[in-house]
Amino acid sequence: QDAFVKSYPIGGTRGAVKGSNVDCTVEAGEPSHAGHRSRSVWWTYTAPSNGQVTVDTLGSTFDTVLAVYTGNSVGGLTPVASNDDTAPGRQSRVAFLAAAGQQYRIAVDGKASASGAIALQWRHAASPANDNRPTLPSSPVRPVRRPGPALAPLGRPASRCTDAGDSLRCGGRGQRPSPARCA
């Protein structure tokens, strides 16, 4: 897992793997991961569908940094997401929108050359089917009418308030109706 070209493949909608970056090194051309570069370990995640992917190192035994990239060579990577220290703690978490079939390169490294046991978890939440449509079908929009006294037109004083569901609305003194003006 130390070498980018030998990254360990992972996938599916959720999973967890363990690893270690003890005695790992940095490769020529390797980018900094969340501002650090010392003892990286690589995984390759292939997204099963479009959706949000969350990856974390919670449970690792050292101060981790985490980065996700696209690309096929260590010197030609495009950053997708990175993190150093998610709250609370010294581990890392990222979330990104994944495309179906796309390979994402995940690097776990140690902050300030830290090393130890790595716990890597991922979760993939698939997008609803209609999120992939360029536009949703339109439907007629009808105004909602609520019972109660009508508001005064702009520019005319109003002496009554109406219950507009979860807040009161009043108008008057040339002002737009506003919950803060009801008395």
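Everything numeric here is computed off the predicted structure, so don't read it as measured data.

### Re the confidence of the model for the protein
Right, on to step 1. In this model, the protein carries a mean pLDDT of 78, and residues with pLDDT of at least 70 account for 69%.
Right, on to step 2. Below pLDDT 50 for its whole length, residues 150-183 participates in 50 contacts with residues either more than four positions away or in separate chains.

### Here we look at the sheet that holds strand S2 (residues 14-20)
Right, on to step 1. The strand order across the open sheet formed by four strands is S2-S9-S4-S7, and the pairing between neighbours is antiparallel. The open sheet is flanked by S2 and strand S7 (93-98), the only strands paired with a single partner. With direction set aside, neighbouring strand axes in the sheet form an average angle of 20°.
Right, on to step 2. Bridge count between strand S4 (residues 51-56) and S7: six bridges; the pairing is antiparallel. Considered in S7, the bridge of Thr-54 is made with Ala-95.

### Regarding the environment of Ala-107
Right, on to step 1. Checked against the element boundaries, Ala-107 lands in strand S8 (residues 103-110).
Right, on to step 2. Under the relative-accessibility criterion, Ala-107 is labelled buried at 0%.
Right, on to step 3. Sequence separation between Ala-107 and Thr-44 is 63 residues, and the spatial gap between their C-alpha atoms is 8.9 Å.
Right, on to step 4. With near-sequence residues (within four places) excluded, Ala-107 lies in contact with His-33, Val-41, Trp-42, Val-65, Leu-66, Ala-67 and Tyr-69.

Basis of the calculations
Residues numbered from 1 in each chain as written. Predicted model: local features only at pLDDT ≥ 70, side-chain atom pairs only at ≥ 80, totals over all residues. Heavy atoms only, no water. pLDDT = per-residue confidence, 0-100. Contact = heavy atoms within 4.5 Å. Pairing = 2+ DSSP bridges. Helix = DSSP H or I, 4+ residues; strand = E, 2+ residues; numbered from the N terminus. Axes fitted to C-alpha atoms, helices over the stretch in contact; angles between N-to-C directions. Buried < 20%, exposed > 50% of the residue type's maximum accessible area, 1.4 Å probe, protein only.

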